[in-house]
Amino acid sequence: MKIAVLSFDEDYVRLLAEMPGVEVVVAGPDDRVRAAADRLGVAHVDSWDEVFALRPRAVVVTSEVARRRDLVERAAGVGAQVLCEHPLAVGEADAQAMVDACAAAGVRLTVASPACFSPAFAVVRQGIADSGVGELLTVHGAFNSPGRSRGGALDDHAPYVLDLVDAVLGGEVADQVYAQANSIVSGQPGTESAAFVSVRYPSGVVAAIDCSWGPSVNQRAGDTPEMTFVGDQGSVEFTANPRLLGGFDRWEAKTDPRSVMLTEFVAAVAEGRAVGPDGAAGVRALRVVRAARESARTGRPVDL
Amino acid sequence: MGQVEVALIGAGLIARLHLDAWVLAGASVRVYSDDGRAEELAAEFGVRAVGSLGAALDGVDAVDICTPTGSHHQIAMAAIAAGVAVVCEKPLSASTAEAEEIVDAAERAGVPLYPAHDLRFSPPFARLHRLVASGGLGRGAVARFTVTGFHPRPWIGQVSARAGGILTDQMLHGVDLAHWIFGDVVRVHAYYQGDIATPAPAGTVGVGTAVLTHASGAISQIVSRWTAKQLPPIRVAFRVSGTGGTVDYDSEWPQEVRATGGAAEKFQYHGESPFVAEMREFAQAFAGGPEPRLGARDALAAVRLTQAAAESAWSGRAVELPVKGAA
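Residues numbered from 1 in each chain as written. Chains lettered and ligands numbered in written order. Predicted model: local features only at pLDDT ≥ 70, side-chain atom pairs only at ≥ 80, totals over all residues. Heavy atoms only, no water.

Novice: Looking at this structure, I do not really get the side chain of Gln180 of chain A. What am I missing?
Specialist: Position of Gln180 of chain A among the secondary structure elements: in strand S8 (residues 176-182). Relative accessible area serves as the criterion here: at 3%, Gln180 of chain A is assigned to the buried category. Among the polar contacts made by the side chain of Gln180 of chain A, one reaches the side chain of Thr213 of chain B at a distance of 2.4 Å. When neighbours within four sequence positions are excluded, Gln180 of chain A is seen to be in contact with Ala194, Ala195, Phe196, Ser295, Ala296 and Gly299 of chain A together with Arg187, Val211, Thr213 and Ile219 of chain B. (Helix = DSSP H or I, 4+ residues; strand = E, 2+ residues; numbered from the N terminus. Buried < 20%, exposed > 50% of the residue type's maximum accessible area, 1.4 Å probe, protein only. Polar contact = N/O pair within 3.5 Å; in protein donor to acceptor, adjacent residues only side chain to side chain. Contact = heavy atoms within 4.5 Å.)

Now the structure itself:
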């Protein structure tokens, strides 16, 4: 199965290249990309036109946000299944256009939200659906890893928590969002390093999210949210990143959650089924994050 | 100064915990309760019971009010009028106006008023405060406190959902801790869930989620839960970050002693109760020692913040608190 990774992301390329039956292709006129492709033993072409001419079965979109819509639409245009990083786009209109383009082309737009692909999370979802905690009241999600982008904690962390909530709530659309944030730790106004988001859903469920920066507990495999699902009869905690070994003031995960995600994604593409959050979930997360940003600015809850 | 004399008012669960702590802290205690249970409680601890509030207040250094919240105001005002220092179980009052009245009266009379916010005396929280206050975490940025408990008996009292119901007491712990480490609060937002109005049966479930914005720019999230089952009986956790780093705590972490199987009951060890540390600190203050780690203004701030959280949950709005004299 031919899978394009656009643009070059070493982790994705390496994890996919290790998978049996997967043939990775990367693109870029840059010599560094070519050298990295050679080192990792994957195919390289110079341009996106050449990549799409190769008719990849799937495209993993890891480019800068502004270029994602173009890449996703071109992937849909050649019938490739798409795995796209958060956020799908800066604005909701672009994100919705991406969803529509994939729908029109009959391909699935899947959002790269590693914890959602965890087999343990499937058990959590099913257990909650089977009333394992009674009636679900509240979801607490904390995603506290170091800042990755200039966008700040809301963009970097909130969508991954929201995807897990969204999956458990079956895509319920939030009706109110409250958020507060500051940039005390980042020291850069506009790059929030601490943020709390409270989301209310029409069913009465509340999600209380902490997306503040914090030290990484697992630098090698990356961090994932720590979730607690609270019902009126009990609660369940979930992490996609459990401990394997401790030491050096850190710990190692049993598996890289991105590796689990990619394995699930490739299997789903091969079998023609859907796995993980879809583009519509990506749009819902984007809408909540944008509302959170507005609420943090105005100090008032935002109705959606 | 000799042994500190304390009048304990009330004979319920909290009164028992406080009485035990006062005795261990070396105070001389008399007990008064208008529910007829004072004699029995006093006898159990080898102290004396008295027959009226007047007799209780006569000649003591301090009163410790452990009655239901609704009667705190009347007893506190009587004690302040008599020049007797006040220790009061949280919350000082269910209403901000009443709490202000008590605090104003105490300050005018020069009578010390110490609220029993016991979590401040629990070692991890005391250590957290020292870390933040000493600058060990740099400039404080963000804090998350989670308090989860099981309430072992039906809820008495008449606290409406609008006033916070069963979440009022529980939420007070978290907002008090946030206020302690990060100071004045200018904005509060909360969602409250569950059938929280009292009276309520044992095992009633409620969840409160509050976000506080401090005058310093720091933000705090308080999650406060009453659970349906007693597993675990109480769990507290926090995570606090500043420019100097992050510190966290979870009471589920292993403590000094952990036994499993049938033998577990024999090996229970929890260290010194925070109540003993608390009453010792108050007793030392009454005996002329240093001021305790909290006072009347903290009692008032905690009431204001819990009331603001309840108001936000009821109205659906974020509640702005005035900066001057803010909580």
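Novice: Please clarify how the sheet that holds strand S9 (residues 194-200) of chain A should be interpreted in this entry.
Specialist: In a beta sheet, neighbouring strands are held together by backbone hydrogen bonds and run either parallel or antiparallel to one another. Residues and elements named next belong to chain A. What the 7 strands build is an open sheet, ordered S12-S11-S7-S10-S9-S8-S15; its pairing is mixed. Each edge of the sheet is formed by a strand with only one pairing partner; in this case those strands are strand S12 (235-239) and strand S15 (302-303). The pairing of S8 with S15 spans 2 bridges and is classified as antiparallel. Among the inter-strand pairings, Val177 is bridged to a residue of S15, identified as Val302. Helix H7 (residues 153-168) rests against strand S7 (136-142), S9, strand S10 (206-210), strand S11 (226-231) and S12 of the sheet, and its axis sits at about 30 degrees to S9. (Pairing = 2+ DSSP bridges. Axes fitted to C-alpha atoms, helices over the stretch in contact; angles between N-to-C directions.)

Novice: Can you help me understand the interface of chain B and chain A in this one?
Specialist: Frequently, the measure chosen for interface size is the accessible area removed from exposure when the parts meet. Taken together, the 35 residues of chain B in the interface contact 37 residues of chain A. At the boundary of chain B with chain A, the tally comes to 2 salt bridges. Its salt-bridge partner being Glu237 of chain A, residue Arg235 of chain B comes within 2.7 Å of it at the nearest N-O pair. Across the contact surface, chain B and chain A share 13 residue pairs in polar contact (both at pLDDT 80 or more). Residue assignment for the side of chain B that touches chain A shows that the elements contributing at least two residues are strand S7 (140-149), strand S8 (185-194), strand S9 (206-214), strand S10 (219-226) and strand S11 (234-242) of chain B. Looking at side-chain class alone, the side of chain B that touches chain A contains 12 nonpolar, 14 polar and 9 charged residues. (Salt bridge = Lys/Arg side-chain N within 4 Å of Asp/Glu carboxyl O. Nonpolar A, V, L, I, M, F, W, Y, C, P; charged D, E, K, R; others polar.)

Novice: Would you mind showing me how to read the packing of aromatic side chains here?
Specialist: Two aromatic rings are characterised by how far apart their centres lie and by the angle between their planes. Counting across every chain of the model gives 11 aromatic pairs over all chains. Here the aromatic rings of Phe121 of chain A and Phe238 of chain A are separated by 5.3 Å at their centres, their planes lie at 40 degrees, and the arrangement is tilted. In this pair, Phe121 of chain A sits in helix H6 (residues 119-129) while Phe238 of chain A sits in strand S12, placing the two residues 117 residues apart along the sequence. Assigned by exposure class, Phe121 of chain A and Phe238 of chain A land together as buried. Centre to centre, the rings of Phe143 of chain A and Tyr160 of chain A are 5.9 Å apart; their planes meet at 80 degrees, and the pair counts as edge-to-face. Of this pair, Phe143 of chain A sits in the loop between S7 and H7 while Tyr160 of chain A sits in helix H7, placing them 17 residues apart in sequence. Side by side, Phe143 of chain A and Tyr160 of chain A carry an identical accessibility label, which is buried. Members of the aromatic cluster, joined through ring pairs, are Phe125, Phe145, Phe238, Tyr249 and Trp253 of chain B. (Phe/Tyr/Trp six-rings, centres within 6.5 Å; stacked < 30°, edge-to-face > 60°.)

Novice: Would you mind showing me how to read the packing of helix H4 (residues 72-81) of chain B against helix H5 (residues 96-109) of chain B here?
Specialist: The description of two helices packed together rests on the angle between their axes and the distance between the axes. Residue and element names in this part refer to chain B. Axis separation between H4 and H5 bottoms out at 10 Å; the angle between their running directions is 10 degrees. Relative to H5, the element H4 lies roughly parallel. Within the contact between the two elements, H4 uses His73, Ala76, Met77 and Ile80 and H5 uses Glu98, Glu101, Ile102, Ala105, Ala106 and Ala109. Classifying every residue of the contact of H4 with H5 gives 7 nonpolar, 1 polar and 2 charged. (Parallel < 35°, antiparallel > 145°, perpendicular 65-115°, else oblique.)

Novice: Please explain the domain arrangement of chain A as it appears in this structure.
Specialist: All names here are of chain A. For chain A, the domain assignment lists domain 1 (2-111) and domain 2 (114-256 + 279-303). Using C-alpha coordinates to define each centre, domain 1 is positioned 26 Å away from domain 2. Across the contact, 15 residues belong to domain 1 and 13 residues belong to domain 2. For the pair domain 1 and domain 2, the summed buried area comes to about 1,100 Å², and 63% of that belongs to carbon and sulfur atoms. On the domain 1 side of the interface with domain 2, the three residues burying the most area are His86, Glu92 and Val111, jointly 48% of the side's total. Summed over the shared surface of domain 1 and domain 2, the number is 1 salt bridge. Among the secondary structure elements, those contributing two or more residues to the side of domain 1 that touches domain 2 are helix H5 (92-105) and strand S6 (109-111). (Domains from an automatic or database assignment. Buried area = accessible area lost by both parts, 1.4 Å probe.)

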